[in-house]
Amino acid sequence: MRPFSLIAKKWCKSEINTPDSQVALTRASLKLSISSSVALSINWTTLFRNNFLSNTVRSEIPKVTMNSLQQLHEIFNPGSPKAMQSSLSDIVLIAIDFENTQVMKDACTVEKNWQAGVAILDTKNIKQQQLDKLLRTHMFVTGTTAYVTKASNRYWFGKTDSASPLKLVNFIRSVVPPERKVAFVGHGVMNDLLVLQALGFQFPDSYVAFIDTLHVANEVFGCWAGPLRNLLRKLDCPHSRLHCAGNDANFTMKALLLLAAKKLEKEDGDRSMIDLLRRLGRRELPRRILSQVEEKPTKQ
C-alpha cells in the first residue's frame, strides 16, 4: 500500500493538466479518504482509472426544448419566412427509447437484460424520398437467451442486433454525418438522455434540439399527460407491442410527425407536407409479421 504523501504528490503533479471538474472530484475524494489509508488506496485506484486514463468526458445533460411546436413548424414548413431563416432546415430527427433504464444507468453490461431502439428520419429532400425508406428503425438487445428471444419476437421492423454500451454509442454517433444537425426525440425524453449520459455519450453542438412528445402533445391538445399508447390512440396511429424499445422509438417518431401535421394544419401550412406526414405517421404495420401473430395492431 502506498503512503499518503506519495499518492498526494502524484495527484498534485497530475492536477496541472487536469480539467477543473476532475480536479475538484479528486480533491473531494482525497479529503474523504485521509482518515482511512485503505479507503484512500481504493479511491485513488478508481479515480485514476476513471478520471485520468479515460478519454471520455461526459457533457452536461441538455435541456429539453420548450418551444417544440415552433421548431416543428420550421422543420416541416421550409418555405415559410421563419423556416428560411432557421438553423433547423435539413435536420436529422433521431427518436430513441430504452427498456430497463435503471439497469442501464447502474451497471450496463452485456450480461444484463436491456434494449435500445433508434428511429431515424432525415428531413433533407423529404418529399423526394420513397415513403417506405424515410423512417429507418434499429433495435439492440442483450441479456439472457430467453430475454433476447422474447424481445426479438416482439419487434415489428426487422431483425434485432446484439448490443453493448460501446456498440450502441458508436452506432448513434455514426448514423449522422458530422456536418448535419440533429434533433433528439423521446416520450419523456429526459430519462433517455440520462441513460445516454450514463453510457458515456457526448452531445456535440450539432445536436440542436431535444424534443419531448409529451410537451408537444401538451401544446397541441392543451393539458396532456399519459403514456405513449394513449397518445398514439389520440392520433389514430396504428401500433402494437409497446414496451419494446425498437417499436417505441418508431411509434414515438410517428407521433411527432402526426403532431407536426396538426400544427401545420392549424397554420395553413404546406398541404402536401401535411399529407406526407400523416401517411408516414399512419402507415400500417408490416404485413409479413401481421400474418404470423395473433395480436393485431391497435387503430382507434
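Details of the structure are given in the entry above.
The model shown is predicted, which means the values in this text are computed figures rather than measured ones.

### With respect to the pairing of strand S6 (residues 207-212)
- In terms of burial, S6 is a largely internal element, five of the six residues being buried.
- As defined by bridge partners, strand S5 (residues 182-186) adjoins S6 across five bridges and the pair is classed as parallel. When the sheet's bridge partners are listed, Gly186 is paired in S6 with Asp212.
- Crossover handedness for the path S5 to helix H10 (residues 189-198) to S6: right-handed.

### A closer look at the pattern of salt bridges
- Applying the stated criterion across every chain yields a total of seven salt bridges.
- The closest approach of N and O atoms between Glu265 and Arg278, which form a salt bridge, is 2.7 Å. One end of the pair, Glu265, is in helix H13 (residues 245-266); the other, Arg278, is in helix H14 (residues 271-281), and 13 residues separate them in sequence.
- One salt-bridge network, held together by shared partners, links Glu265, Arg271, Asp275 and Arg278.

### Brief notes about unusual backbone geometry
- For Asn100, which is not a glycine, the phi torsion comes out positive at approximately 65°.
- Position of Asn100 among the secondary structure elements: in the loop between strand S1 (92-99) and helix H6 (101-107).
- The phi dihedral of His243 falls on the positive side, at around 60°, and the residue is not glycine.

### Brief notes about the pairing of S1
- Taken across its eight residues, S1 has eight buried, putting it largely inside the fold.
- Residues of S1 alternate between two faces, with Val92, Ile94, Ile96 and Phe98 on one and Leu93, Ala95, Asp97 and Glu99 on the opposite face, all of them buried.
- Bridge count between S1 and strand S2 (residues 114-122): eight bridges; the pairing is antiparallel. Within S2, the position partnered with Ala95 by the bridge is Ala119.
- Here four bridges tie S1 to S5, and the two strands are oriented parallel to one another.

### Quick look at the packing of aromatic side chains
- Counted under the stated rule, the structure contains eleven aromatic pairs.
- Taking 5.1 Å as the distance between ring centres and 80° as the angle between the ring planes, the aromatic pair formed by Phe201 and Phe203 counts as edge-to-face. Comparing Phe201 with Phe203, the two get one shared label, buried.
- On the basis of an interplanar angle of 45° and a centroid distance of 5.5 Å, the ring pair of Phe221 and Trp224 is categorised as tilted.
- With a relative accessible area of 17%, Trp224 lands in the buried category.
- Pairwise contacts between aromatic rings join Phe184, Phe201, Phe203, Tyr207 and Phe210 into one cluster.
- Taking NZ or CZ as reference, Lys234 lies 5.2 Å from the ring centre of Phe221, over its face.
- A cation over an aromatic ring shows up here: Arg241 above the ring of Trp156, its NZ or CZ 4.7 Å from the ring centre.

### Topic: the packing of helix H4 (residues 68-76) against H13
- Interhelical geometry of H4 versus H13 gives an angle of 85° and a closest axis separation of 9 Å. In terms of orientation, H4 and H13 fall into the roughly perpendicular class. Seen from H4, the contacting residues are Leu69, Leu72, His73 and Phe76; seen from H13, they are Leu256, Leu257, Ala260, Lys263 and Leu264.
- Looking at the contact of H4 with H13 residue by residue, the class counts come to seven nonpolar, one polar and one charged.

### Topic: the packing of H4 against helix H11 (residues 213-221)
- Contact geometry of H4 with H11 gives a least axis separation of 9 Å together with a crossing angle of 90°. In terms of orientation, H4 lies roughly perpendicular with respect to H11. Contact residues: Ser68, Leu69 and Leu72 in H4; Val216, Glu219 and Val220 in H11.
- Counted by class, the contact of H4 with H11 contains four nonpolar, one polar and one charged residues.

What counts as what
Residues numbered from 1 in each chain as written. Predicted model: local features only at pLDDT ≥ 70, side-chain atom pairs only at ≥ 80, totals over all residues. Heavy atoms only, no water. Buried < 20%, exposed > 50% of the residue type's maximum accessible area, 1.4 Å probe, protein only. Helix = DSSP H or I, 4+ residues; strand = E, 2+ residues; numbered from the N terminus. Pairing = 2+ DSSP bridges. Right-handed = clockwise from strand over helix to strand, strands pointing away. Salt bridge = Lys/Arg side-chain N within 4 Å of Asp/Glu carboxyl O. Phe/Tyr/Trp six-rings, centres within 6.5 Å; stacked < 30°, edge-to-face > 60°. Lys NZ or Arg CZ within 6 Å of the ring centre and 35° of its normal. Axes fitted to C-alpha atoms, helices over the stretch in contact; angles between N-to-C directions. Parallel < 35°, antiparallel > 145°, perpendicular 65-115°, else oblique. Contact = heavy atoms within 4.5 Å. Nonpolar A, V, L, I, M, F, W, Y, C, P; charged D, E, K, R; others polar.

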